[in-house]
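# Coordinate analysis (summary)
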Amino acid sequence: MSATVKRAYRFRFYPTSQQESLLNRTFGCVRKVYNLALEARSRAWRERHDRVNYNATSAMLTAWKKTEELAFLNEVSSVPLQQCLRHLQAAFTAYWDNRSRYPRFKSKRRSRASAEFTASAFRWRDGELTLAKMTEPLAIIWSRPLPTGQSPSTVTVSRDSAGRWFVSLLCEDAITTHPAVEGAVGMDAGLDSLITLSTGEKIPNPRHERTDRRKLARAQRDLARKSEGSRNRKKAKLKVARIHTRIADRRGDYLHQLTTRLVCENQTLVIEDLTVRNMVKNRKLARAISDAAWSLFRELLSYKCAWYGRKLVVIDRWYPSSKLCSHCGHLMAEMPLNVRMWTCPGCGTTHDRDVNAARNILAAGLAVSACGAGIRPQRGNLRSGRLAVKQETRRATVGTPGP
């Protein structure tokens, strides 16, 4: 059995000097239009409580192009400018649905440089890609083939902080569902072991950031000593960025291999709904939590389960998986982080903290699958009066509805 999905194929390419200049101007124009539209929508809401939609910002873009101050917007393709307005509309929709924060302005230094081209703004012919206002095709390194007989519907060009250029081609692809298996596994995320399975297996944490920590610290010290705006500072900044990208690439490759293995071996996978954004507020653990990349792990697991016919169950974040005895169900009042082995006072069973938590997560996930209800303990039943949760900070909700 197979299903057709939209799949992005990402490749590295090497632009000519003319192509690089045009793409850099396009990135700047996209950022400028996005910020202008965001300011216009925010001002309309503050002053008149008026919600400005995509059609209104598109009309504004036409007017901006006719002004002398913003005439440079005509030098690049209009399609990426229209697409950034659509992205802004999607950002506001996500904000209204309480799925994200209020849209923020794009910074030249911190924002990812990218531009999206639809089919009217590029030419795909004989395996060569030519973007609008370019005379030569991009020199793409084809590391894997595209789906047979498929041409991309959209093309996204980006440049990362290390100066590498990438092109992402969105194509329709037929994904073959994996044969059904009997396995079910619960997973407990940790730092000593990246993931502990309910089978008792502990998947080691490679700690990619720690491997390059000395190199990174030395490069950052060199960067701090360089004068602001100098060429040497740009070189030092690029060196720091390259170390970061090398760490991120190794981390992503490891998690891809791990999630693919878990999806192939199990039919049902159960994880906890961890609030990583709040957990990294703990200054002592923030670096280790960020290096573990639990959010990326869940993201990869989610779409691979959807592709290959697996079931991913996410249990409530307040479920006391570490404090609950998986043998008799006794609930401990306290379970400090430094306690890795403990004995249940109810039945006398000695537990490995992480393995016990993974088994409880699996049991809770199977219960969710059976009855379709969430798992949330009654807080009043705890003898200490505290929440039975992983050691994490409370979630803070800020902001008010806007445009």
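The name given to the protein chain in an unreviewed UniProt entry is Transposase, and the organism recorded there is Actinoplanes couchii.

## Side note on the environment of Trp 165
Structurally, the position occupied by Trp 165 is in strand 7 (residues 165-176). Separated by 16 residues in sequence, Trp 165 and Val 181 place their C-alpha atoms 40 Å apart. For Trp 165, the residues in contact, after removing those within four places along its chain, are Phe 11, Arg 12, Phe 13, Pro 15, Glu 20, Leu 23, Asn 24, Phe 27, Val 157, Ser 158 and Arg 159.

## Here's the deal with the pairing of strand 3 (residues 122-125)
Along any regular strand, the residues point their side chains to alternate faces of the sheet. When strand 3 meets strand 4 (residues 128-131), the two strands line up antiparallel, connected through four bridges. Residue pairing in the sheet places Phe 122 in a bridge with Leu 131 of strand 4. The hairpin turn running from strand 3 into strand 4, its antiparallel successor, is two residues long, and Asp 126 in that turn takes a positive phi close to 55°.

## Comments concerning the packing of aromatic side chains
Going through the model one piece at a time under the given rule, you end up with nine aromatic pairs. Their ring planes at 85° and their centres at 5.5 Å tell us that Phe 92 and Tyr 102 sit as a pair that is edge-to-face. Residue Phe 92 is located in helix 3 (residues 78-96), and its partner Tyr 102 is located in the loop between helix 3 and strand 2 (113-118); the two are separated by 10 residues in the primary sequence. When its relative accessible area of 0% is taken as the criterion, Phe 92 is described as buried. Every member of this aromatic cluster is reached through a ring pair, and the members are Phe 92, Tyr 95, Trp 96 and Tyr 102. Here Arg 51 stacks its cationic end above the ring of Trp 96, 4.5 Å away from the centre of that ring. Over the face of the ring belonging to Tyr 34 we find Lys 106, whose NZ or CZ atom lies 4.5 Å from the ring centre.

## Quick word on the UniProt feature "domain: Transposase putative helix-turn-helix" (unreviewed entry) in the protein chain
Listed under "domain: Transposase putative helix-turn-helix" (unreviewed entry) in the UniProt record, and renumbered for this structure, are residues 1-48. In residues 1-48, helix accounts for 67% and strand for 25%; the two terminal C-alpha atoms are 54 Å from one another.

## Description of the sheet that holds strand 5 (residues 140-141)
Hydrogen bonds between backbone groups are what pair the strands of a sheet, and the pairing can be parallel or antiparallel. The strand order 2-6-7-1-5 describes an open sheet built from five strands, whose pairing is antiparallel. Edge positions in the sheet fall to strand 2 and strand 5, since each has one partner strand and no second. Pairing of strand 1 (residues 2-13) with strand 7 involves 12 bridges; the strand directions are antiparallel. What sits directly across from Arg 10, in strand 7, is Ser 168. Against the sheet, helix 1 (residues 17-48) engages strand 1, strand 2, strand 6 (154-159) and strand 7, with an angle of about 95° to strand 2.

## Focus: the side chain of Gln 19
Residue placement: Gln 19 occurs in helix 1. Overall, the relative accessible area of 4% leaves Gln 19 in the buried class. Of the polar contacts made by the side chain of Gln 19, one reaches the backbone oxygen of Pro 137; its length is 3.4 Å. Among residues more than four places away in sequence, those in contact with Gln 19 are Met 134, Glu 136, Pro 137 and Leu 138.

The rules we used
Residues numbered from 1 in each chain as written. Predicted model: local features only at pLDDT ≥ 70, side-chain atom pairs only at ≥ 80, totals over all residues. Heavy atoms only, no water. Helix = DSSP H or I, 4+ residues; strand = E, 2+ residues; numbered from the N terminus. Contact = heavy atoms within 4.5 Å. Pairing = 2+ DSSP bridges. Phe/Tyr/Trp six-rings, centres within 6.5 Å; stacked < 30°, edge-to-face > 60°. Buried < 20%, exposed > 50% of the residue type's maximum accessible area, 1.4 Å probe, protein only. Lys NZ or Arg CZ within 6 Å of the ring centre and 35° of its normal. UniProt positions renumbered as here; feature names shortened; annotations may be inferred. Axes fitted to C-alpha atoms, helices over the stretch in contact; angles between N-to-C directions. Polar contact = N/O pair within 3.5 Å; in protein donor to acceptor, adjacent residues only side chain to side chain.

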